[in-house]
Every structure is written in structure tokens, then in C-alpha cells.
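Below, each chain spelled out in residue letters.
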Amino acid sequence: MNAAARGAVLAGLVGLVVVFPLTRSGIEVNVYTQAVIYAIVGLSLNVLLGYAGQISLGHQAFVGIGAFTAAYMTSVHEQNFVAAIGVTMLVGAAQALLLGLVSLRITGLYFALVTLTYGTMAESSLFNINSLTGGSAGQAAPKPAAFASDHRYYFLCLAFLAVVLYVDWRLTSTKAGRALLAIRQDRRVAASFGADLKRYTLIAFVVSGVFASVAGALLAYNTGSVVASQFTFQLALVFVIMTVVGGLRSRAGVVVGSVFFALTGFLFDKLHLAAAFNALPLVPALPSNLAPLVLGPLLLLFTLTRHPGGFGELLRPIGRWLRTDDTAPRARPREARPPVESHA
Amino acid sequence: MLEVEGCSVSFGGIRALRDVSVEVGELEIVGIIGPNGAGKTTLFDVISGFRRPDAGRVRFRGVDVTDLPAHQRAAAGMARAFQNVGLIRGATVRTNLLAAEHLAARYTATAGILGLPATWADERRLSRRAETLAEILGLTYVLDRKVDGLPYGILKHIELAAVLATDPDLVLLDEPTSGMGPGETAAFADVLRELRRSFQITVLMIEHNVPFVSAVCDHVYCLDFGETLAAGKPEAVRADPDVVEAYLGKDEPARCLGAAAARDPLVVVDNIQVSYGAGPHRSPPVLRDLSFDVLDSERLVLLGLNGAGKTTTLAVLAGLLHPDRGSIVFAGRDVTALPAAERVALGITLVPEGRQVFPGLSVEHNLRLGAWLHRHDDRHVAECRARVRRLFPRLARRGWQRAGTLSGGEQQMLAIGRALMAGPRLLLIDEASLGLSPAITRSVFRMVDEINAEGVTVVLVEQGTAALGHADRALILERGRIVHRGTSTETDHASLRERYLGTPV
């Protein structure tokens, strides 16, 4: 019976992610694609915030650099999709490495300020270099021919998310992830295990940079063109909030949190919540694109005070339930053995 | 195998190590003993690469490693356990062991992140290796438990397993038997010898339990004030008069001040039990069934080795820790559940171990913070400040100097002065003599005598006998229990020596 229930839940999940978008219009699928891309951004930030314990308040630059590189490679150099993504990943890795090198010198609040400045610097100057980014007109980024339809492109992004999830999973289950865990908890212990703080902090930055630049490239193709004004500090704030509210170090939580924040504006309109709010007396009219910024701090406050684990903590029992296999023999109850006094 | 040659380290004007040389031979077990603050852990930091010595070299297997960072020394075969258990909190025992196998992984970090097939196979091998290690140390049953909340003794074993997981040639252990009972300690000696045989490891350990060191070590170094006081066979070192003096102070007859029995008790500690941590996995009790009185305006000294429970006792009196059971009555009032801040208002003030002055603030500001509860009472503050100035004229001259730049003795005076600013009835002083020369120690204790003469009850915590001449009564603690109580004259050098260093041969 349990197995049937689990099957139903899994089928529902697959239906929601795979089948449901097929039934919707291309314009609406665009929004879902963006949600998938946000999930990649969330996972990118999770590597820094969750695994390396480093703050980034300039993640819009990470994503933006990816978006502009992909658009530049595609429309100016007329490269195909694979080459454009490849170059984008390299550039993303390089810029993250640079910031990572700074993080080794400057820590804590000061590093947060550095990332903040980095983000706004990119937004106001880097992204306005005409020859690279097309200036205020923006740079065109046509979707790859094979994925020109909105529906096909959605599945392409879904595939990228799957790869990112796999890499993130392997990161946490191999030595690099454990080294980061040790470094975050106690750098002296990490060093005594032989884990080099500098090396693994830089690795975390590079992985985060690659994820973010891929997300940026996908975002560029999804909207068809990139403009500097897309990558504001407000966006970086939403990125941080969605990752923290999703639940640091919880893949499922971060994905759900990111998707949730990507869709708030859309849901706000869809469910006519804005109208409902505006109907209330004394409440000022609220444009739907501000919804995440209103909802974000509220949820952040709730996460920090009531549920430090974010969505991830709430999802954990569900995940455990989905993974349990009743057909296997039940795990033996732990024996209450006393601590062993003598040793062979 | 390991040669430390003439290493010196100083920080903040204090010479923590002065020209210390240590040699450890292949497959030896070598012990480092010495009183608190002798520089033992600093020496470990120098050996394992967490602190660069100002002078001197460290050679490992003939290679100069002085300039290598800690993680490269780990790769060269050095592994270290930490004084307060070096494990990843919040992770399971299995994850800890896997993390410790960092150097044993045969794949590169990038291959692992990309999830290449070879890394999957190697992960399975590492997992089996971790399970084998856990089995050897009898930890299989906690393998998938989180580290937090496991009893201290088990944590020490997990840490040992983690150290072995790094596949070391030289193992540095910092107080491995702390928190162990006598039976466990004896069993641990066998464990250590067995591990040396089966894992072919050399061991260098810091240890306070001198009888244990004597039983298990091939060679012993005794440090005091950052210098090597004695080195050689364990029996020779513990009989060395300098070593005895370092642990106990000079064998001066205690001037009996006694005759306090007629006074009324100011504090009654009744049958308290204290453990650290919360939830189902509390530490075993650090203090067990402890009962004693502190008489009004007496000077009581609590003696004992590291880990005996002296600081814990003061923390309980000050309200920084609350007992699992038992009661504390102060001046006729049950204060067991009262938080620390409210106890200060009642007149209980603590001078913490290691002074804990605010290093960035001036002497004057440190003193004013001590009078926090009376900050609106200018007269009280002025009176207290006058009193501190009278007692410690040296502090008065340094009013606007930053406290961090004071010498150790001056910092100790400031810490006591700061406590006096609260106008205490009961002054708790934790290891006032820590890291101070005998002469400075004597002058600090003379101040304490004067404070006491003004009617303040004083409880001192000491390891050596330095305070015995300045106390009415003494209690000796051992593993959380009182093993001796009497007037300070009844507590003599010889009995303390036997308790600390074991029976001399």
C-alpha cells in the first residue's frame, strides 16, 4: 500500500515536471524554464554559502557574465551552442577563481562587501561595454536550432539541471565535499586530515562559477537577448534569499526554494493575488515583480527564527519516505551495546 | 624520526617556548608533561604546522618541515588529535572517518566532483576501510550516529580512529586520557601499545596523568614556562626535583592560618552533580556528589590536576553552569537556579582562568566594566576604584594603557581588580598563578590576603601548593570527587606529590 502511495507521489512529481509543461502555452513554459534555471543558480550559490561557508552578494554578476558570454559567442562569433556553453563555463570558472583568490585574503563581512561591490561593478560598468554586451540595447541570444521551441528548450534546461544535481551530489559524496565540510567546521581539523583550505575553497568557487555561468547562458537563450539592467543587486538578493529559505546544503530544498521564488511573480498574477491585495484598504498597490522582495524577507525571517533548515528540512521526511524500500528487510534495531573497553 | 631543534615562540610579549628541543625515535612512545601553561600545546602547534616558530627547526624523517603548512605535514605522515577533540561536529562518525581518509583517496578532487566511474569504486573501498577501522576501535555500533552528544570517552576513541584513518607514521595526542576513569586509563595504555604494534606508529603525547605516562612512555620531556625542565626515562623525570617543584611549587611549610571552624558557612554546596552537554547523550558527570562549605571570610583553596573538576566547581558557584542535581546556598539563600548575572548582584564574582581581561580596552575601561551593575552609582564606583588603586598601585599608573599590552602578572591583578569593582562578598579566583613566575605569584597572593583581610571570602583554584600558605583550608579534587579535606597545614607537599606524580621510586 505504501509502495502504491509512493508510486503515486513519484508519478505526480514526474507529471508535474515533465507532462504538465507540455500542456501549457510557450509563453507560460518560458516562466517554468526560468524556474529551472533559477534552481541551477540556487545550487550554484549553495556551493558557496552552504559548502564553503562563503557569502556572495554579487551572484548576479556570476550569472550575468555567463549570459553575456553565451550571447556574445552566439551572435557576434556565431559559434554553435556547444562551443558557446564551453567558453561560457571557462569564463565563469575564471571569474569565480579570481573572486575566490580574494576570499582567501579577505574574510567575513569584508568579503561580503567585496562581492557586493563586484556585483554592482559588473552591473554598471562591465555589462555596459558596447562591443561585448551591445550596450543598453543588449545582446541577442537566439536559441539553438534544435531547441528552438519553448517546450524543447524547457527540457534542455531540465537536462542541465539534472547534470548539475549529479555533479553536486558527487561533490558532496566524495573527498572534495568532505574536505569542505571539515574546513567549514574546523580548519585546524581539516588541515590535520590533509585538506588544503586554499585549494578546496578555490574549487568551491570554480564549481559555483561554472554552475552560475551555465545558468546565465541558459537564461540568455530563454529570453532571447540580454541587457545589463537584468542583473541588478535586487536579483542577487533574491538569489541569496531563495537559497537560504530553500535550505542550505539540501539539494531538494534549494531547488524547491529557487523554483518557488522564480514563480512568485507569475503566481501572484495568475492567482490574482495582487488584485486581492490591492482591494484591501490602506495597502498600497503592489507590482507583481516586487512580490519576491516582499515575500522574501518575510520567509527569510521565518526561516532564520523557526526553521533553520529551510524548505529542505521540511522536505527531508518526505524524501526519506520516498527512498524507503519496504520489500527489503527492516533495518535491525540498533543493539544497545556498551562501549567496548578492551581492544583486540 | 622527529627532531625539534631549539624552537622558540612568543606571542604578545610572552615567551611561550624558549629554545625547546625534542627528539622522537622510530616506534617510540614519548610523553610531554608539565603544569598548565608550560607551552605543551604551543609545542604541538609548532610540530604540526599551526604555528611557525620564531627560531628553530622541525625535522620529520630527516626532512626540514618548518616551512610546510599543516596539511602538507599531514600528507608527510603526521597526524594530530586535539585537546578538545578534533572532529567534525554535526556529521556522523562515518563521515568523520571518510573525511579523515582524505589523503587515502586515490582519485583527484575533480574526478570525484564529475562523478567518474573510478571514483565510485574507490569510494566503496574507502567506506570499507573506515568500517574496518571503526571495528578495530570498537565503534561499529555508533558508525551512523552523529558525533554531537556522544560521550566524551567515545569521542576520544572516534578521534583516534580518525587519526589512524589518515594513515600516519607519527601520531600527536593531546591529553588522550582526559575524561577517562582509572580503569579506562589502564586499558588505554594497552590500546596504545597494541596500536603501535599493529599500525607501526610512533606516538608523541601531551599528558597530565604522570603515572600513566610513566607506565606507557619510553621517554619523557617535562616543560615549564616554555623551557625543557627535564628529559629522560619516565622514572628519572618524575623524581627530578625541578619537575616536582614545577608541579607543586617549593616545599615551604604552610603557615597555619586555620582556626576558621568557628565561623558560619557563607556557601553550602550540597551533593551536586554536574555534566556537560544536553539531551540524552550528556557527558558522564564531571562532578559527582560534591558537598562542601565555604566559611564566612575564609580562604579556601581547591587543589587538583587538570580535569579534576576545579574550574567546573567555580563555574557552578558562579552560576555559569547549573548542576543536574544538588543545591547551592549562598548567605542563607538557595541560588541553585539563579543565573550568573544575578549572582554577581548578590556578591559572587569570578576571576576566570587565563585572566580574560578585555585586551583592546584600557585598564580603566576594564575596571569600569567590572562595575557594570553599579554603573549608575558613582559613589560605589569611586570607592571601588580607590580600593583597587590602593591594592594595585601598578594598575593605577597604567590607567589608559591597553590591557592586552600588560604583563601576565599585571593582567592577573587587573582581572582581580575588575572583579573587586563589583563589590563582591565571595571572590572566586581560577588559577591566579597560571604562567606567572614564583615571585609574581607570591605578590598576587599577598594581594588576595589583603582583600581577604577586608572581609571578602575567597575561593582559590590551584594546581600547585603556591596558594597553601595563603589559605585557611584546602580541598583536593580528583576526577570530580573530593579526595581530601583539611586545614592548609594538614595538606602537605608529600601527599600532593604522591597524588600528582605517583609514588616516587
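Residues numbered from 1 in each chain as written. Chains lettered and ligands numbered in written order. Predicted model: local features only at pLDDT ≥ 70, side-chain atom pairs only at ≥ 80, totals over all residues.

**Concerning the overall build of chain B**
The test is simple: Strands are runs of DSSP state E lasting at least 2 residues, helices are runs of H or I lasting at least 4, and numbering of each runs from the N terminus. This radius of gyration counts C-alpha atoms alone. The globule rule is 2.2 Å times how many residues there are, raised to the power 0.38. Contacts are defined on C-beta atoms placed from the backbone: any two residues whose C-beta positions lie within 7 Å are in contact.
Along the backbone of chain B there are 18 helices and 20 strands. Relative to the 2.2 N^0.38 estimate, which gives 23 Å for 505 residues, the radius of gyration of chain B is 25 Å and therefore close to what a compact globule would have. Over its C-alpha atoms, taken along the principal directions, chain B stretches across nearly 75 × 50 × 45 Å. Excluding contacts between residues fewer than 6 apart, the proportion of contacts in chain B whose partners are at least 24 apart in sequence is 71%.

**Side note on the overall build of chain A**
Operational definition: Counting other C-beta atoms within 10 Å of a residue's C-beta gives its exposure: the residue is buried at 20 or more, exposed at 12 or fewer, and partly exposed in between, where C-beta atoms are placed from the backbone.
Counting secondary structure elements, chain A contains 15 helices and two strands. By the burial criterion, 46% of the 344 residues in chain A qualify as buried. Once local pairs closer than 6 in sequence are excluded, the contacts in chain A between residues at least 24 apart make up 79%.

**Description of the nonpolar core**
This is how it is decided: Each nonpolar core consists of buried Ala, Val, Leu, Ile, Met, Phe, Trp, Tyr and Cys residues. Their C-beta atoms, within 7 Å, join them into a set.
Core analysis: the biggest nonpolar cluster contains 253 residues, and A:I40 and B:A161 have the highest contact counts within it. Ranked by residue count, the leading element in this core is helix 2 (residues 26–52) of chain A, at 17 residues. Apart from residues no more than four positions distant in its own chain, A:I40 is found in contact with A:F160, A:L161, A:V164, A:F211, A:V214 and A:A215.

**Some details on the interface of chain B and chain A**
The criterion, for reference: Throughout, the ten residues Ala, Val, Leu, Ile, Met, Phe, Trp, Tyr, Cys and Pro are labelled nonpolar, Asp, Glu, Lys and Arg are labelled charged, and all others, Gly among them, are labelled polar.
Between chain B and chain A, the contact holds 39 residues from the first and 32 residues from the second. At the level of elements, helix 2 (70–75), strand 6 (78–80), helix 3 (93–100), helix 4 (109–114), helix 5 (117–136), helix 6 (152–165) and helix 7 (182–199) of chain B are the ones that each hand at least two residues to the side of chain B that touches chain A. Residue composition of the side of chain B that touches chain A, grouped by class: 22 nonpolar, twelve polar and five charged.

**Description of the sheet that holds strand 14 (residues 325–330) of chain B**
All names here are of chain B. Definition in use: Paired strands are those between which DSSP finds at least two bridges. Structural elements are reduced to axes, namely lines fitted to C-alpha atoms, with helices fitted over the stretch in contact, and the angle between N-to-C directions of any two is expressed from 0 to 180 degrees.
Taken in spatial order, the four strands line up as 12-11-14-15 in an open sheet, and their pairing is antiparallel. Lying at the two open borders of the sheet, with one neighbouring strand each, are strand 12 (287–295) and strand 15 (333–334). Pairing geometry for strand 11 (residues 265–274) and strand 12, over six bridges, is antiparallel. Each bridged residue has a counterpart across the sheet, and for P265 the counterpart in strand 12 is L295. Sitting on the sheet, helix 11 (residues 310–318) touches strand 11, strand 12 and strand 14, and the angle it makes with strand 11 is about 115 degrees.

**Brief notes about the environment of B:H365**
All names here are of chain B. By secondary structure assignment, the location of H365 is in helix 13 (residues 363–370). The partly exposed category is assigned to H365, around which 16 C-beta atoms lie within 10 Å. Placed 218 residues apart in sequence, H365 and V147 show a C-alpha to C-alpha distance of 41 Å.

**Observations concerning the packing of helix 16 (residues 408–420) of chain B against helix 17 (residues 438–453) of chain B**
All names here are of chain B. The condition that has to hold: Any angle that falls under 35 degrees is termed roughly parallel, while one over 145 is termed roughly antiparallel, one within 65 to 115 roughly perpendicular, and all others oblique. Whether a crossing is left-handed or right-handed is set by the direction in which the near helix is turned from the far one by less than a right angle, anticlockwise for left-handed and clockwise for right-handed.
Interaxial distance between helix 16 and helix 17 falls to 10 Å at its minimum, and their mutual angle equals 15 degrees. As the angle between them shows, helix 16 and helix 17 are arranged roughly parallel. As for how helix 16 packs across helix 17, the hand of that crossing is right-handed. The residues of helix 17 that touch helix 16, namely those facing G409, Q412, M413, I416 and L420, are I440, V444, M447 and I451.

**A word on the confidence of the model for chain B**
Rules: Per-residue confidence from the predictor is given as pLDDT, running between 0 and 100.
Per-residue confidence for chain B averages 87 on the pLDDT scale, and 94% of its residues sit at or above 70. With a pTM of 0.81, the predicted complex shows an ipTM of 0.87.

**Notes on the pairing of strand 18 (residues 457–462) of chain B**
Successive side chains on a regular strand alternate, one facing one side of the sheet and the next facing the other. Residues and elements named next belong to chain B. The following threshold applies: A crossover counts as right-handed when, viewed with the strands pointing away from the observer, the path leading from the first strand over the helix to the second turns clockwise.
With six of its six residues buried, strand 18 lies for the most part within the structure. Judged by which residues are buried, strand 18 turns out to be covered on both faces: T457, V459 and V461 on one side and V458, L460 and E462 on the other are all buried. Where strand 13 (residues 299–303) and strand 18 come together, five bridges link them in parallel fashion. Paired with L303 across the strands is E462, a residue of strand 18. In terms of strand pairing, strand 17 (residues 426–430) meets strand 18 through five bridges, oriented parallel. Paired with L426 across the strands is T457, a residue of strand 18. On the question of chirality, the crossover connecting strand 17 to the parallel strand 18 by way of helix 17 is right-handed.

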